[in-house]
Amino acid sequence: RAVQYLIVAWIPLVTHAPHAGVISKTAKNKQVLDKLKVEQERGITVKAQTASMFYNHNGKKYLINLIDTPGHVDFSYEVSRSLSACQGTILLVDAAQGVQAQTAANFYLAFSEGLTIIPVMNKVDLPTAEPERTKTQIESAFEIETKDILQACVISAKSGLNIEQILPRVIERVPP
């Protein structure tokens, strides 16, 4: 059977999020791509990591190559190098903090590469989350219609809310 290939950069990626159903959810597997101690302790990405996985969607088998990139603006060179190898990207926006400088910087890096950009709003389960305000910020800052966010891209990586909807969305939107 033919395998479709996708390379996607996650900007940044909460590492246990995209592996729902692929890597068992145990304390041991909580942050499989976070290798450095500071990454594990603070839940941030300092050094880009890669992972590949097979994923079945609508009767087709896909090989998805993931790149977990740092989200902070200080790592823009590493992010730009990773993006040059991608067909699409997930722009992860914190619903409690909204669009920040690094979000904009990473968006424009992906936009300049001509990538398919899939906005995903994370941490919607936090008491301080303001999903409506964040959607408005995404729409006005990046000219992305909020309906693109409303269609299965409102998640909580910590609780697993809507995580299973991300990969189908990637396959449907990012050209192989």
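Note that this is a predicted model, so its numbers are computed, not measured. (Residues numbered from 1 in each chain as written. Predicted model: local features only at pLDDT ≥ 70, side-chain atom pairs only at ≥ 80, totals over all residues. Heavy atoms only, no water.)

Engineer: Got a sec to walk through the environment of Ile64? Specific residues and values, please.
Structural biologist: Along the chain, Ile64 falls in strand β3 (residues 60-68). Overall, the relative accessible area of 0% leaves Ile64 in the buried class. Distance from Ile64 to Ala51, taken between C-alpha atoms, is 8.3 Å for residues 13 residues apart in sequence. (Helix = DSSP H or I, 4+ residues; strand = E, 2+ residues; numbered from the N terminus. Buried < 20%, exposed > 50% of the residue type's maximum accessible area, 1.4 Å probe, protein only.)

Engineer: Requested: an account of the nonpolar core, with residues and values cited.
Structural biologist: Within the largest apolar cluster, 13 residues are counted, with the highest numbers of intra-cluster contacts made by Leu91, Phe107 and Phe142. Counting residues per element, the ones that place at least two in this core are α2 (76-83), β4 (88-94), α3 (101-112) and α4 (131-142). Grouped together as the second largest cluster of nonpolar side chains are 11 residues, Ile118, Ile163, Ile166 and Val170 included. (Core = buried A, V, L, I, M, F, W, Y, C linked by side-chain atoms within 4.5 Å.)

Engineer: Give me the pairing of strand β2 (residues 49-57): which residues, what numbers.
Structural biologist: Residues of β2 alternate between two faces, with Gln49, Ala51, Met53, Tyr55 and His57 buried on one and Thr50, Ser52, Phe54 and Asn56 left unburied on the opposite face. Two strands pair when backbone bridges link them, and β2 and β3 are joined in this way by 9 bridges, in the antiparallel orientation. Of the residues in β3, the one forming a bridge with Gln49 is Asp68. Linking two consecutive strands that pair antiparallel, namely β2 and β3, is a turn of 2 residues; a positive phi of about 50° is found at Asn58 within it. (Pairing = 2+ DSSP bridges.)

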